[in-house]
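# Residue-level structure breakdown
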Amino acid sequence: MKKYNSINEFQKKGNAVVTTGTFDGVHLGHRKIISRLREIAEQQGGETVVLTFYPHPRMVLHPDDHGLKLLNTLEERISLIEKLGVDHLIVQPFTKEFSEQSSPEFVNNILVNTLGVKALVIGYDHHFGKDREGTYRELERLAPVCGFVLEEVKEEIVNGVAVSSTKIRRALVEGNVSYANELLGYEYMLTGTVVKGDGVGRKIGYPTANIVPQDKFKLVPADGIYAVQIKIDEQRFNGMLYIGNRPTFGKTQHMIEVNIFDFEKDIYGKDIIVYFRKRIRDDERFSSPEELSGQLANDKLDAIKILGQ
């Protein structure tokens, strides 16, 4: 896959099969679109082009709204899209100026004149152009005039529910990572740097690696204990992860800590990736460190069982 940091780096293609969107999560709905993109490109002898944006448009258009958390970092999004076999990925900087283009201007200036679109594949809820004014109906009007074929991909349904980034975010906020994973089509991940903690976990027999997320906009699931896998230097290890403020010890700082099973190496300063499998329980306050240690023993058995399935 060839990656471009803006549309200005892209050389117009003679037979570009294009899709465009934010693709936060690169979930099953997005994968359905990209799968169809590849099918059409193969039929037409074309090249697949994915046009996405960074930062997220909401962060540019509503800078005072700090509530949006993202399912992917930019690096994760790029990696996930690359694995889907796309020929070209354009990460276009999203700015106020870029957002001012009307929907016809976006189609003519970007899709037709810059990318060379011959087929456009979009999702069922796709909007584009200034104030998201552009709709599928407008694209139906513009497609024959501009000389490209248009196809709308219907929603991906999982157990009677249409997959969306919003539903996945909601599931993670509720701690339901199993359901989020089902809609994503892969295990939700969190990339972070290991930093020194206060050693409380080691004192009760469960040493932990304290993690600081690399991206402040990355969505961290709800507080609690999770069965996870941890990727360190291309190796995977089983473990359990804690998110919370450690009420048993009277702490207030929100922490992300992972206990890696059968692991003794020094990994301070390393970047690791945590893959969430399932939530084991809520965060709780225990009457003593000894009671907490006893519960962690049970949590570990639960995590081992979950990860072995």
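To be clear, the structure that these remarks concern was listed above.
Residues numbered from 1 in each chain as written. Predicted model: local features only at pLDDT ≥ 70, side-chain atom pairs only at ≥ 80, totals over all residues. Heavy atoms only, no water.

With that settled, consider the packing of helix α5 (residues 103-115) against helix α6 (residues 136-146). One way to put it is that α5 packs onto α6 with a least axis distance of 11 Å and a crossing angle of 45°. As far as their axial angle goes, α6 and α5 are oblique. Remark: the crossing between α5 and α6 carries right-handed chirality. Contacts from Ser-103, Pro-104, Val-107, Asn-108 and Val-112 of α5 reach α6 at Glu-138, Leu-139, Leu-142 and Cys-146. A per-class count over the contact of α5 with α6 returns six nonpolar, two polar and one charged. (Axes fitted to C-alpha atoms, helices over the stretch in contact; angles between N-to-C directions. Helix = DSSP H or I, 4+ residues; strand = E, 2+ residues; numbered from the N terminus. Parallel < 35°, antiparallel > 145°, perpendicular 65-115°, else oblique. Left-handed = near helix turned anticlockwise from the far one by under 90°. Contact = heavy atoms within 4.5 Å. Nonpolar A, V, L, I, M, F, W, Y, C, P; charged D, E, K, R; others polar.)

With that out of the way, let us pick up the packing of aromatic side chains. For the structure shown, the criterion picks out nine aromatic pairs. Judged by centre distance (6.4 Å) and plane angle (85°), the rings of Phe-98 and Phe-106 are edge-to-face. With respect to class, Phe-98 is no different from Phe-106; both count as buried. The interplanar angle of 70° and the centroid separation of 4.9 Å between the aromatic rings of Phe-237 and Phe-263 together place this pair among those described as edge-to-face. Linking Phe-237 in strand β12 (residues 235-244) with Phe-263 in the loop between β13 (255-260) and β14 (271-281), this pair joins segments that are 26 residues apart in sequence. Residue Phe-237 shares its accessibility class with Phe-263, and that shared class is buried. (Phe/Tyr/Trp six-rings, centres within 6.5 Å; stacked < 30°, edge-to-face > 60°. Buried < 20%, exposed > 50% of the residue type's maximum accessible area, 1.4 Å probe, protein only.)

Time to look at the layout of surface pockets. Considered as a void within the structure, the largest pocket measures approximately 1200 Å³ in volume. Elements with a minimum of two residues in the lining of the largest pocket: β2 (16-20), α1 (28-44), α2 (57-61), α4 (96-99), β5 (117-123) and α7 (165-173). Residues belonging to the lining of the largest pocket are distributed by class as follows: 13 nonpolar, 18 polar and 12 charged. (1 Å grid on protein atoms, 1.4 Å probe; cavity = no way out; pocket = protein on both sides within 12 Å on 5 of 7 lines; lining within 4 Å. Points joined across faces, edges and corners; volume = space filled by probe spheres on them.)

A few words now on the sheet that holds strand β9 (residues 189-195). In spatial order, the strands read β9-β10-β13-β12-β11-β14; together these six strands close into a barrel with antiparallel pairing. Within this sheet the neighbouring strands show an average axis-to-axis angle of 45°, counted without direction. This element, helix α8 (residues 177-184), spans β11 (224-232) and β14 of the sheet and lies at about 120° to β14. (Pairing = 2+ DSSP bridges.)

Okay, empty space enclosed by the protein next. Counted according to the given criterion, the structure contains two cavities of 30 Å³ or more. Volume-wise, the largest cavity comes out at about 290 Å³. If you trace the largest cavity, you find 21 residues lining it, with Ile-225, Tyr-242, Glu-257, Leu-292 and Leu-296 closest to the centre. Taken together, the elements giving at least two residues each to the lining of the largest cavity come down to α9 (200-203), β12, β13 and α10 (289-308). Element by element, the count of residues in the lining of the largest cavity is highest for β12, at three residues. Classifying every residue of the lining of the largest cavity gives 12 nonpolar, four polar and five charged.

Attention now goes to helix α3 (residues 74-82). Taken together, the buried positions of α3 are Leu-74, Glu-76, Arg-77, Ile-78, Leu-80 and Ile-81. Its buried side turned inward, α3 meets β1 (2-4), α1, β3 (47-54), β4 (88-93) and β9.

Here Thr-191 lies in strand β9. Here Glu-76 takes part through its side chain, which lies 3.3 Å from a polar atom of the side chain of Thr-191. Sequence-distant contacts of Thr-191, that is, excluding residues within four places in its chain, are made with Glu-76, Pro-213, Gln-214, Ile-272 and Ile-273. (Polar contact = N/O pair within 3.5 Å; in protein donor to acceptor, adjacent residues only side chain to side chain.)

On to the sheet that holds strand β6 (residues 149-153), then. Strand order in the open sheet made by the six strands is β1-β4-β3-β2-β5-β6, with parallel pairing throughout. In this open sheet, the two edge strands, each paired with only one partner strand, are β1 and β6. Taken pair by pair, the neighbouring strands of this sheet meet at an average axis angle of 20°, ignoring direction. In terms of strand pairing, β3 meets β4 through six bridges, oriented parallel. From the neighbouring strand, Val-49 faces β4, where its bridge partner is His-88. Its contacts with the sheet place α1 against β2, β3, β5 and β6, and it is angled at close to 160° to β5.

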